[in-house]
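Spelled out from the first residue to the last, the chains are:
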Number of protein chains: 2
Amino acid sequence: MKALKQRSTCPISTSLDVLGDKWTLLILRDMVFAGKSTYGQFLQSAEKMATNVLADRLAVLESQGILTKAVASDKKSKFTYRLTEKGVETVPIIIELILWGTKHGPAVVDPGLLEELQLGKDAAVEKYQRLAREKALA
Amino acid sequence: MKALKQRSTCPISTSLDVLGDKWTLLILRDMVFAGKSTYGQFLQSAEKMATNVLADRLAVLESQGILTKAVASDKKSKFTYRLTEKGVETVPIIIELILWGTKHGPAVVDPGLLEELQLGKDAAVEKYQRLAREKALA
DNA sequence: TCTTTACACTTGTAATTTGCAAGTAAATAT
DNA sequence: ATATTTACTTGCAAATTACAAGTGTAAAGA
């Protein structure tokens, strides 16, 4: 049981108590935009997160009800992580990070996604939330 | 000169390289929603950030062009921090954190702001960006 | 003028967190 | 039976954070 320390009652602060680090939102990104769902898949990302940090973050995300952990349907030695509705609702945050990083950072962006976002942010949010919800049922 | 390490070219990752910690966005929150602009004011927030961490984050934010530092108009021993346009454009990210924290966290929220957000997110984003831009000119 | 206060940091040090390499353990595959 | 896959755990050095105290400069007060 991972007890999180709450620094204040400000909603921004409480959000950052959970999401405010360099790794957590990358795990959620991998689930939403890359369809990943296992420990091994998360480790393969370009940012190369350490195994112990990944294990720790997955435990926090689970204890906070952002994702669930279950034995995979194909293998008993494998676990599947799925987004809860609380997790799906981080999509707008992630989308805003994409837009800001694209505009102001040294990022290289997938042109397809960028066009989609520029065409309509709300539509893109809904699309990726829908896909994530469908994936969560599988 | 604070050199940031870039972990990948993903826009989410590059955004988190700068904003992904527990303190940076709280400084921006204080500038946008509380009109704060000095080191002393930032220290007085409910979350009680350490002085060395504040100094470090302000230096990073300045080096990344998210805010500027200038001698205050009233006192030569005082500095005023102002948001750049890059800084103003973090407002949508902060607003999404407010909405998520309000809905899913243990946060206690200002009812006025919440009503404003529920009435129309885009309008709220524009309002606080406008206020921040005006403040930056003062 | 001398002292005190206000403000913005810097420094030192202990505790915590991270990054890296290696090891463990259960379930499959060969 | 042995090897491999998958998901971690462990140990340790390095980096970061938290906490307390100190420094330096400008302004204000006696």
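Residues numbered from 1 in each chain as written. Chains lettered and ligands numbered in written order. Predicted model: local features only at pLDDT ≥ 70, side-chain atom pairs only at ≥ 80, totals over all residues. Heavy atoms only, no water.

Asks: Tell me about the overall build of chain A, and please be specific about residues and values.
Replies: Across its full length, chain A carries eight helices and two strands. For chain A, the α and β elements follow one another from N to C terminus as α-α-α-α-β-β-α-α-α-α. Taking 2.2 N^0.38 as the reference for a compact globule, 138 residues should give roughly 14 Å; the C-alpha atoms of chain A span a radius of gyration of 15 Å, in line with that estimate. Taken along the three principal axes of its C-alpha coordinates, chain A extends 40 × 40 × 25 Å. The buried share among the 138 residues of chain A stands at 49%. Long-range contacts, defined as pairs at least 24 residues apart, comprise 47% of the intrachain contacts of chain A with a sequence gap of at least 6. Carbon together with sulfur atoms contributes 55% to the accessible area of chain A, which is approximately 6,700 Å² in total. Considering chain A, the positive charge centre built from 20 side chains and the negative charge centre built from 16 side chains are found 7 Å apart. (Helix = DSSP H or I, 4+ residues; strand = E, 2+ residues; numbered from the N terminus. Rg over C-alpha atoms; globule rule 2.2 N^0.38 Å. Buried < 20%, exposed > 50% of the residue type's maximum accessible area, 1.4 Å probe, protein only. Contact = heavy atoms within 4.5 Å. Areas by Shrake-Rupley, 256 points an atom, 1.4 Å probe, with all protein chains shown as cover. Lys, Arg positive; Asp, Glu negative; His and termini not counted. Charge placed at Lys NZ, Arg CZ, Asp CG, Glu CD.)

Asks: For unusual backbone geometry, give the residues involved together with the corresponding values.
Replies: Negative phi values dominate among residues other than glycine, just as trans dominates among peptide bonds. All names here are of chain A. Non-glycine residue Lys-48 carries a positive phi angle of around 55°. Along the chain, Lys-48 falls in the loop between α3 (39-43) and α4 (51-63). By relative accessible area, which is 60% here, Lys-48 ends up exposed.

Asks: Quick one: what's the story with the relation of the copies chain B and chain A, residue by residue and with numbers?
Replies: Mapping chain B onto chain A calls for a screw motion: a turn of 180° about the axis and a shift of 0.0 Å along it, with 0.0 Å RMSD after fitting. In short, the pair behaves as if placed about a two-fold rotation axis. Of every C-alpha in chain B, the one belonging to Asp21(B) sits nearest the axis of rotation, 2.2 Å from it. In this assembly the copies share their binding face: 100% of the residues contributing to the interface of chain B also contribute to that of chain A. (Least-squares fit on C-alpha atoms with pLDDT ≥ 70 in both.)

Asks: I'd like to hear about the side chain of Ser45(A), residue by residue, with values.
Replies: Residue and element names in this part refer to chain A. The residue Ser-45 is located in the loop between α3 and α4 in this model. Ser-45 sits in the buried class, given a relative accessible area of 7%. If near-sequence neighbours (up to four positions away) are discounted, Ser-45 is found in contact with Arg-29, Asp-30 and Lys-36.

Asks: Outline the packing of aromatic side chains, supporting the account with residue identities and numerical values.
Replies: Throughout the structure, instances matching the rule amount to four aromatic pairs over all chains. Relative to Tyr128(A), the ring of Phe33(A) has its centre 4.7 Å away and its plane inclined at 45°; by these criteria the two rings are tilted. You can see Phe33(A) sitting in helix α2 (residues 24-33) and its partner Tyr128(A) sitting in helix α8 (residues 121-137), a full 95 residues away along the chain. For Phe33(A), a relative accessible area of 26% translates into the label partly exposed. Residue Tyr128(A) is classed as buried on the basis of its relative accessible area, which comes to 11%. An angle of 50° between the planes, with centres 6.3 Å apart, marks the rings of Phe42(B) and Tyr81(B) as tilted. (Phe/Tyr/Trp six-rings, centres within 6.5 Å; stacked < 30°, edge-to-face > 60°.)

Asks: Go over the protein's contact with DNA strand D, please, and point to the residues and values.
Replies: Among the 19 residues in the neighbourhood of DNA strand D, the closest are listed as Gly40(A), Thr51(A), Lys69(A), Tyr81(A) and Arg57(B). Counting only the atoms of DNA strand D within 4 Å of the protein, the fraction contributed by sugar and phosphate is 70%. Gly40(A) is positioned such that a nitrogen or oxygen atom in its backbone is 2.8 Å from a phosphate oxygen of DNA strand D. One of the side-chain nitrogen or oxygen atoms of Asn52(B) is found 3.2 Å away from a base nitrogen of DNA strand D. Taken together, the elements giving at least two residues each to the surface near DNA strand D come down to α3, α4 and β2 (79-83) of chain A together with α4 (51-63) of chain B. Here the element with the most residues in the surface near DNA strand D is α4(B); it accounts for four residues. When grouped by side-chain class, the residues that make up the surface near DNA strand D number six nonpolar, eight polar and five charged. (Near = heavy atom within 4 Å. Polar contact = N/O pair within 3.5 Å; in protein donor to acceptor, adjacent residues only side chain to side chain. Nonpolar A, V, L, I, M, F, W, Y, C, P; charged D, E, K, R; others polar.)

Asks: I'd like to hear about the protein's contact with DNA strand C, residue by residue, with values.
Replies: Around DNA strand C, the structure places 19 residues, and the nearest of them are Arg57(A), Lys76(A), Gly40(B), Lys69(B) and Tyr81(B). Put simply, 68% of the atoms of DNA strand C that lie within 4 Å of the protein are in sugar or phosphate. Residue Trp23(A) places a side-chain N or O atom 3.3 Å away from a phosphate oxygen belonging to DNA strand C. Measuring from a phosphate oxygen of DNA strand C, one finds a side-chain N or O atom of Arg57(A) at 2.7 Å. Those elements that place two or more of their residues in the surface near DNA strand C are α4 of chain A together with α3 (39-43), α4 and β2 (79-83) of chain B. The element best represented in the surface near DNA strand C is α4(A), accounting for four residues. For the surface near DNA strand C, a count of residues per class yields five nonpolar, eight polar and six charged.

Asks: Explain a negative patch on the surface to me, and be specific about the residues and the numbers.
Replies: On the surface, Asp122(A), Glu126(A), Asp122(B) and Glu126(B) cluster together into a negatively charged patch. Elements supplying a minimum of two residues to the negative patch: α8 of chain A together with α8 (121-137) of chain B. By secondary structure assignment, the location of Glu126(B) is in helix α8. Accessibility expressed as a relative area gives 56% for Glu126(B), which makes it exposed. (Patch = residues over 30% accessible without salt bridge, like charges linked within 9 Å, V, L, I, M, F, W, Y side chains within 5 Å. Salt bridge = Lys/Arg side-chain N within 4 Å of Asp/Glu carboxyl O.)

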